[in-house]
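# Working through the structure, step by step
Given next are the chains, with one letter for each unit.
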Amino acid sequence: MKNLLKIAAGVIALLFLFALSPFATIPAGHRGVLTTFGKPSDEVYSEGIHWVWPVAQKMHRVSVAIQKGEGDGDAASKDLQTVHTKIAINYHVRPDAVVSVYRDLGNEPGERIIIPSVQEAVKAVTARFTAEELISRRSQVRDEIILALKERMARHGLVVDEFSIVNFNFSKTFNEAIEAKTTADQLKMKAERDLQRIEVEAKQKIARARAEAEALSLQRQQVTPELLRLRETENQAKAIEKWDGRLPTTVGGAVPFINVNK
């Protein structure tokens, strides 16, 4: 009887112990921060199962996987145009900085650092470019924003993996001005192309006329009395070939191709 009571007491103790969750599990893509009565330790716990003292200790998970953030906001360009920028960013927490992120940022790096850092970097960089430059030099603008972000986020144990400018939007007045300028540029390019085409065609006509004149001049230079007599003989030969052998019935005039020797 006593043995049964001991076994029952042991089972109850084990069930009570497991009910208090003496084990903590850290899933893939996370690290753990152990707190003892609320105070975080300096050790970073890796993925797996870890022992914790019930009631006194608790394991907190901090994601070190790549996370995605999106946002938008207004800023002013160098020429004082209002620019609405939409961005996307991928970032992650450095595993060795997990304790700092938990302790200093309350395990909320997106709200505490990412959003304000992106807003500040976008405004600072946008102010160095005109509205047209933001469009034509978009890759440079993105690179400068990334550089500004990395400097600030690195201080808090955060890493920028990818950053992209999804879109720039400007005021209606500016968009209309850009459209008008684009149309004017297209018309100017068309006029220049038409002028070039006309000039080429004119040069071609002049070249053809010059070639024809030179050929005619050369032909005139080559016409000699011997050539004229040769052409006359050739014409007479062609006429004889076409003659049917009948003499003309009309009285008077010379009989062609017949010489009468008296």
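Because the structure is predicted, anything quoted here is derived from the model rather than measured. (Residues numbered from 1 in each chain as written. Predicted model: local features only at pLDDT ≥ 70, side-chain atom pairs only at ≥ 80, totals over all residues. Heavy atoms only, no water.)

Below, the discussion takes up the overall build of the protein chain. Scanning the protein chain from terminus to terminus reveals seven helices and eight strands. Considering the protein chain as a whole, with its 262 residues, one finds that 23% of them fall into the buried category. In the protein chain, of all internal contacts separated by at least 6 residues, the share reaching a separation of at least 24 is 66%. (Helix = DSSP H or I, 4+ residues; strand = E, 2+ residues; numbered from the N terminus. Buried < 20%, exposed > 50% of the residue type's maximum accessible area, 1.4 Å probe, protein only. Contact = heavy atoms within 4.5 Å.)

This next bit is on the environment of Leu 105. Among the structural elements, Leu 105 can be located in helix α2 (residues 98-105). Discounting chain neighbours no more than four positions away, the residues touching Leu 105 are Ser 100, Arg 112, Ile 113 and His 156.

What follows covers the sheet that holds strand β3 (residues 39-45). Strand order across the open sheet formed by three strands is β3-β2-β5, with antiparallel pairing between neighbours. Two strands close off the open sheet at either side, each with one partner strand: β3 and β5 (57-63). Mean inter-strand twist for the sheet, computed between neighbouring axes without regard to direction, equals 30°. As paired strands, strand β2 (residues 30-36) and β5 are joined by seven bridges and run antiparallel to one another. The residue bridging Arg 31 from the neighbouring strand is Val 62, located in β5. In the packing of α2 onto the sheet, the strands contacted are β2, β3 and β5, and the crossing angle to β3 comes to about 155°. (Pairing = 2+ DSSP bridges. Axes fitted to C-alpha atoms, helices over the stretch in contact; angles between N-to-C directions.)

Attention now goes to the packing of aromatic side chains. Enumeration over the complete set of coordinates arrives at three aromatic pairs. Judged by centre distance (5.7 Å) and plane angle (85°), the rings of Trp 51 and Trp 53 are edge-to-face. For Trp 51, a relative accessible area of 40% puts it in the partly exposed group. Here the aromatic residues Phe 23, Trp 51 and Trp 53 are joined through ring pairs into a cluster of three or more. (Phe/Tyr/Trp six-rings, centres within 6.5 Å; stacked < 30°, edge-to-face > 60°.)

Enumeration according to the criterion identifies 10 salt bridges in this entry. Where Asp 96 meets Arg 94, a salt bridge forms, and the shortest distance between an N and an O atom there is 3.1 Å. Glu 201 is paired through a salt bridge with Arg 197; the nearest N and O atoms lie 3.4 Å apart. Of this pair, Glu 201 and Arg 197 both sit in helix α6 (residues 172-222), separated by four residues, roughly a single helical turn. For Glu 201, a relative accessible area of 35% translates into the label partly exposed. When its relative accessible area of 43% is taken as the criterion, Arg 197 is described as partly exposed. Members of the salt-bridge network, linked through shared partners, are Asp 194, Arg 197 and Glu 201. (Salt bridge = Lys/Arg side-chain N within 4 Å of Asp/Glu carboxyl O.)

In this section: the confidence of the model for the protein chain. Summing up the model confidence of the protein chain, the mean pLDDT is 81 and the portion of residues at 70 or higher is 77%. The secondary-structure element of the protein chain with the lowest mean pLDDT is helix α1 (residues 2-19), recorded at 61, while β2 shows the highest, at 94. Contacts of residues 257-262 to residues separated by more than four positions or lying in other chains number three contacts, the stretch itself having pLDDT below 50. (pLDDT = per-residue confidence, 0-100.)

Glancing now at the sheet that holds strand β7 (residues 82-93). Spatially, three strands are ordered β6-β7-β8 in an open sheet, and the strand pairing comes out antiparallel. For this open sheet the edge positions go to β6 (67-76) and β8 (158-170), each flanked by a neighbour on one side alone. Ignoring strand direction, the axes of neighbouring strands in this sheet form an average angle of 20°. By the bridge criterion, 10 bridges tie β6 to β7 in an arrangement that is antiparallel. In the strand pairing of β7, Glu 70 is matched with Ala 88. Sheet contacts for helix α5 (residues 138-154): β7 and β8; angle to β8, the most-contacted strand, approximately 140°.

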